[in-house]
Amino acid sequence: MTENKTFTMIKPDAVENGHIGAILEKITAAGFKIVALKYTQLSLRDAKEFYAVHKERPFFEELVTFMTRGPIVAAILEKENAVEDFRVLIGATNPAEAAEGTIRKLFATSIGENAVHGSDSDENAAIEGAFHFSGREVYA
Ligand code: CMP
């Protein structure tokens, strides 16, 4: 069995709405081990760097404004098939299209304010995890 890692953020909307505990419970109940965890707030510079891949998109300014407006919870999660299984657990980017029982169906309000982030590949999981955590903050 190969354990691998994904990276997640509980976004400002879900933090504001009091869903940190419920979301972490869903994550651990689904078999993910939390190997790094941080309550923090992105600066404008952080958000622009983290989302640089989206900088040409029409929603980029909206995205960085949203992601910097309040604290987030950042975490690295470990599980067999972590990236793919976590994307199933969180559901579609647009909560209106997310499957019943998924984190976005339960806690997200719109395609922009969609409660949680999940890495889309092993490569991006490593980049995103390293953006938020030093090696000594990861308890794998
Ligand atoms: P996520 O997949 O975590 O990372 C990229 C984010 O861009 C995505 O979540 C949404 O929060 C946001 N996003 C994607 N599409 C749109 C859109 N059409 N309008 C506003 N925000 C969007």
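Please refer to the structure higher up on the page.
Residues numbered from 1 in each chain as written. Predicted model: local features only at pLDDT ≥ 70, side-chain atom pairs only at ≥ 80, totals over all residues. Heavy atoms only, no water.

Draft legend 1. Seen up close, the nonpolar core. In this structure, Ile10, Ile23, Ile27, Phe32, Phe86 and Ile103 are the most contacted members of the largest nonpolar core, which totals 19 residues. For this core, the elements supplying multiple residues, two or more each, are α1 (12–16), α2 (20–29), β3 (72–80), α5 (82–90) and α6 (103–107). At four residues, the largest contribution of residues to this core is made by α5. Contacts of Ile27, omitting those with residues within four sequence positions, involve Phe32, Leu77, Phe86, Leu89 and Ile103. Counting residues in hydrophobic clusters, the runner-up holds 17 residues, among them Met9, Leu63, Met67 and Ala74. (Core = buried A, V, L, I, M, F, W, Y, C linked by side-chain atoms within 4.5 Å. Buried < 20%, exposed > 50% of the residue type's maximum accessible area, 1.4 Å probe, protein only. Helix = DSSP H or I, 4+ residues; strand = E, 2+ residues; numbered from the N terminus. Contact = heavy atoms within 4.5 Å.)

Draft legend 2. Just the site of the ligand, in detail. Within the structure, the ligand sits among Lys11, Tyr51, His54, Phe59, Glu62, Leu63, Arg104, Ile111, Gly112, Asn114 and His117. Separating an oxygen atom of the ligand from a side-chain N or O atom of Asn114 is a distance of 3.3 Å. Protein contact buries 80% of the 460 Å² of open area that the ligand shows by itself. (Near = heavy atom within 4 Å. Polar contact = N/O pair within 3.5 Å; in protein donor to acceptor, adjacent residues only side chain to side chain. Areas by Shrake-Rupley, 256 points an atom, 1.4 Å probe, with all protein chains shown as cover.)

Draft legend 3. Region of interest: α5. For α5, the complete set of buried residues consists of Ala82, Val83, Phe86, Leu89 and Ile90. One side of α5 carries all its buried residues, which in axial view fall inside an arc of 125°. Exposed residues pointing more than 90 degrees away from the buried face of α5 are listed as Glu84 and Val88. Of the surrounding secondary structure, the elements contacted by the buried residues of α5 are β1 (3–10), α2, β3, α6, β4 (116–118) and α7 (122–132). (Arc of directions from axis to C-beta.)

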